[in-house]
Amino acid sequence: MGTLIEWYDFFIFGSLSIVISTKFFPAENPTAAFLSTLATFAAGFVVRPFGALFFGRLGDIIGRKYTFMVTLMLMGGATFLIGCIPSYESIGFWAPLLVLILRLLQGLALGGEYGGAATYVAEHAPIGQRGYWTSWIQTTATFGLFISLVVILLTKSLLTESQFDIWGWRVPFLLSLVMVYVSYLIRKKMKESPEFSKAKAEGKTSTNPLKESFGNRYNLKFVLLALFGAAMGQGVVWYTGQFYSMSFMKTVMHLQSDQADTILGIALLLGTPFFVVFGWLSDKIGRKWIMLGGMLLAVLTYRPIYESMYQLSNAEHKVKLNETVESPTVTEKTEIKSVVKTQYDDGTEITRAKTIHQSGKLKGQQTVTTTVHIANWNYICLILLIFIQVIYITMVYGPIAAFLVELFPVKIRYTSMSLPYHVGNGIFGGLLPAVSTYLTTNAEVAQTPQFYLAGLWYPIIIAIVCFIIGSIYINNKSTPTNHE
Amino acid sequence: MNSIKKLLGILWITLALFTAYFSVFELALPKISTGHQEDVVFGIIILCILTPIISIGLGLFGYYSLLGEYDQNKM
């Protein structure tokens, strides 16, 4: 529950990034725009591994339970406070600065939370059921994104557009406090992990987990193996399925934002139970080939999947039924020259709006916005294509908590497993949107055919390398651990 | 299998050097030189975070592999 809320808190910021940027990071102000860039990059990539080290160390010295209670409070408090910050118009430069600080705290908290929750659950799991038990933790990252999308869509549907823009966007942030309080009450009653309690009673806990984890060659080689043989590939497969797919639908297919969110939400909901299925299966047949199987399938099918997605919204092969031109609308800042709606035989509707800007940076310029709305069989096909990617995520992600836990001994487990996970997920995965966009833009400039698939080379190459390393170097053991 | 792991160690070290070159000269520096704020931050992150992790981490992994640290009897 707590981990789910932490992911919800983390994703709510990303899901509301467009509103947040208008409230706190106005593009006209270069300093605010710079802070926005830092908030985007730093919290997702840079801070999470530091959170893993800081809280991992605490968790291995003080205990798992108290550490992830702190991370929960930190995350919940930071999210709630983001919802309370006055806008840039009210307090100026302080607004983006405070948001940046709170976003960094969110990143730190997330870095500490996952390792603690996974370790805690794994150390409570009956022998031979670690994969199944920890797979429930694994559902939280995907389900957290789903809940964040649902809360935003619900809030939007209950309020008018103007209410949501003025104050409604704060509701998902403020709701976090209630969720965190419920989670706090649940966690408060939980006991410390039995394996950690036993180690502590016997005086076998570590006094310097960082040194023992990364200064010791025997343990460091397992950290590197965990990163390059599992977490790195898992990170890119996870980000491709959950985030690149969303970005692809919105920016390449030009799908309506709400429709893209709904499609992703349905696919996530249908796919989430498979985390538990693959976690359970990993207890029976081992973790290795399930995780690597997910990576291999992703490598082999990403390009055909994304090509099929692209063609669903591509008007070139569709038969035009009718076209309507709406009368021009004049707004305060822009004058919409014309809106043309075209309907196609398969139910697709494409809206092209030509806008001439009367103010701001684009004054005097004309921009064309395309929005696609798909229907019928295309809609189902797109859900299916995203669902397949979610299945790959469940394969690589479902068993990985148990796999990481089993690589390291109790006394340095929290620290040792957290770092490769957050480097793999946060850095290799987190940089995926930026690197993939860069590759796509380069391909577009070079007029490469199928330039829209160029961004997939990043996850494909990382997953191939990870697959080779994992298949050769990792042992296919489910339990016990290397140290038991 | 132990011999394959040792031989592959050389490949990982080579790959680490190649990715270091690619990340610095093909990805990070061109981004930084654009002067656009977002590109500069992205380039710095590639240069200071992604490149060291890949090149040092993968290089070390290859080195340990070459030394036989991942042999069956040591795992």
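Residues numbered from 1 in each chain as written. Chains lettered and ligands numbered in written order. Predicted model: local features only at pLDDT ≥ 70, side-chain atom pairs only at ≥ 80, totals over all residues.

Here's the deal with the confidence of the model for chain B
Okay, so step 1: For chain B, per-residue confidence averages 88 on the pLDDT scale, and residues scoring 70 or more make up 100% of the total.
Okay, so step 2: Of the two predicted TM-score estimates for the complex, the pTM is 0.87 and the ipTM is 0.91. (pLDDT = per-residue confidence, 0-100.)

Let's talk about the domain arrangement of chain A
All names here are of chain A.
Okay, so step 1: Split into domains, chain A comes out as domain 1 (1-205), domain 2 (208-312 + 380-484) and domain 3 (316-373).
Okay, so step 2: Computed from C-alpha atoms alone, the centre-to-centre distance between domain 2 and domain 3 is 37 Å.
Okay, so step 3: Each side of the interface is counted separately: domain 2 has 6 residues, and domain 3 has 5 residues.
Okay, so step 4: Classifying every residue of the side of domain 2 that touches domain 3 gives 2 nonpolar, 4 polar and no charged. (Domains from an automatic or database assignment. Contact = placed C-beta atoms within 7 Å. Nonpolar A, V, L, I, M, F, W, Y, C, P; charged D, E, K, R; others polar.)

Here we look at the nonpolar core
All names here are of chain A.
Okay, so step 1: Of all hydrophobic cores here, the largest spans 152 residues; its most connected members are Met295, Val396 and Cys466.
Okay, so step 2: Among the elements that line this core, the one with the most residues is helix α12 (residues 217-252), at 18 residues.
Okay, so step 3: Looking at which domains feed residues into this core, each of domain 1 (1-205) and domain 2 (208-312 + 380-484) supplies at least three.
Okay, so step 4: Each residue touching Val396, except ones within four places of it in the same chain, is listed here: Gly233, Gln234, Val237, Trp238, Met291, Gly294 and Met295. (Core = buried A, V, L, I, M, F, W, Y, C linked by C-beta atoms within 7 Å. Buried ≥ 20, exposed ≤ 12 C-beta atoms within 10 Å, placed from the backbone. Helix = DSSP H or I, 4+ residues; strand = E, 2+ residues; numbered from the N terminus.)

What about helix α15 (residues 288-313) of chain A?
Okay, so step 1: Relative to the 38 Å expected for 26 residues at 1.5 Å per residue, α15(A) spans 37 Å between its end C-alpha atoms, a close match to the ideal helical length.
Okay, so step 2: At A:Thr301, α15(A) shows its largest bend, some 50°, and a proline, A:Pro304, comes one to four positions later. (Expected span 1.5 Å × (residues − 1). Bend = angle between axes of the 7 residues up to and from the residue.)

Details of the interface of chain A and chain B
Okay, so step 1: Taken together, the contact pairs 20 residues of chain A with 19 residues of chain B.
Okay, so step 2: Every element with two or more residues in the side of chain A that touches chain B is listed here: α3 (30-61), α12, α18 (413-429) and α20 (457-473) of chain A.
Okay, so step 3: A per-element tally of the side of chain A that touches chain B places α3(A) first, with 8 residues.
Okay, so step 4: Partitioning the side of chain A that touches chain B into residue classes produces 16 nonpolar, 3 polar and 1 charged.

Things to note about the environment of A:Ile391
All names here are of chain A.
Okay, so step 1: Along the polypeptide, Ile391 turns up in helix α16 (residues 376-397).
Okay, so step 2: Overall, the presence of 19 C-beta atoms within 10 Å leaves Ile391 in the partly exposed class.
Okay, so step 3: Separated by 93 residues in sequence, Ile391 and Ala298 place their C-alpha atoms 9.8 Å apart.
Okay, so step 4: Setting aside residues no more than four positions away along its own chain, Ile391 makes contact with Gly271 and Phe274.

Describing the packing of helix α7 (residues 130-158) of chain A against helix α14 (residues 273-285) of chain A
All names here are of chain A.
Okay, so step 1: Relative orientation of the contacting elements α7 and α14 amounts to 155°, with a least axis distance of 7 Å. When the axes of α7 and α14 are compared, the pair comes out roughly antiparallel. The two elements α7 and α14 meet at a crossing, and its hand is right-handed. Across from Arg130, Gly131, Tyr132, Thr134, Ser135, Trp136, Gln138 and Thr139 in α7, the residues of α14 making contact are Phe275, Val276, Phe278, Gly279, Trp280, Ser282 and Asp283.
Okay, so step 2: Its residues assigned to classes, the contact of α7 with α14 shows 6 nonpolar, 7 polar and 2 charged. (Axes fitted to C-alpha atoms, helices over the stretch in contact; angles between N-to-C directions. Parallel < 35°, antiparallel > 145°, perpendicular 65-115°, else oblique. Left-handed = near helix turned anticlockwise from the far one by under 90°.)

So, unusual backbone geometry
All names here are of chain A.
Okay, so step 1: If you check the backbone angles, Gln447 has positive phi at about 55° while not being a glycine.
Okay, so step 2: With respect to the helices and strands, the residue Gln447 is situated in the loop between α19 (432-445) and α20.
Okay, so step 3: Judged by C-beta crowding, with 7 C-beta atoms within 10 Å, Gln447 ranks as exposed.
Okay, so step 4: Unlike most non-glycine residues, Gln450 shows phi in positive territory, near 55°.
Okay, so step 5: With respect to the secondary-structure elements, Gln450 resides in the loop between α19 and α20.
Okay, so step 6: Assessed through the 12 C-beta atoms surrounding it within 10 Å, Gln450 is described here as exposed.

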